[in-house]
Amino acid sequence: MAALVRPRDGRMIGGVCAALARRFGTSATTMRVIFVASCLLPGPQFLLYLALWILLPSEKAAKPAW
């Protein structure tokens, strides 16, 4: 499994769904659909998304070749 970091590419808002999709080996679109569908159920989904946005580190930029 890949490390749980927010990728620099493929982000829509904060990169949380893209990070989870990379971690679990699925597409980011599938993870976004699952998140939107889960928002129809009662619970703290938005708070969890915000917490993951704050807590997950961003992927480091590639170092220059020189």
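Residues numbered from 1 in each chain as written. Predicted model: local features only at pLDDT ≥ 70, side-chain atom pairs only at ≥ 80, totals over all residues. Heavy atoms only, no water.

Caption draft 1: Quick peek at a nonpolar patch on the surface. Where nonpolar side chains cluster on the molecular surface, the patch consists of Met-12, Ile-13, Leu-47, Leu-50, Trp-53, Ile-54 and Leu-55 and spans about 830 Å² of accessible area. With a relative accessible area of 70%, Ile-54 lands in the exposed category. (Patch = residues over 30% accessible without salt bridge, like charges linked within 9 Å, V, L, I, M, F, W, Y side chains within 5 Å. Areas by Shrake-Rupley, 256 points an atom, 1.4 Å probe, with all protein chains shown as cover. Salt bridge = Lys/Arg side-chain N within 4 Å of Asp/Glu carboxyl O. Buried < 20%, exposed > 50% of the residue type's maximum accessible area, 1.4 Å probe, protein only.)

Caption draft 2: Here's a closer look at the environment of Glu-59. Following the sequence through the fold, Glu-59 ends up in the segment after α3 (45–55). The exposure class assigned to Glu-59 is partly exposed, which follows from its relative accessible area of 26%. Along the backbone, Glu-59 and Arg-6 are 53 residues apart, and their C-alpha atoms lie at a distance of 5.6 Å. Dropping the residues within four chain positions of it, Glu-59 is found in contact with Val-5, Arg-6, Pro-7, Arg-8, Asp-9 and Arg-22. A polar contact of 3.3 Å, which involves the side chain of Glu-59, links it to the backbone nitrogen of Arg-8. (Helix = DSSP H or I, 4+ residues; strand = E, 2+ residues; numbered from the N terminus. Contact = heavy atoms within 4.5 Å. Polar contact = N/O pair within 3.5 Å; in protein donor to acceptor, adjacent residues only side chain to side chain.)

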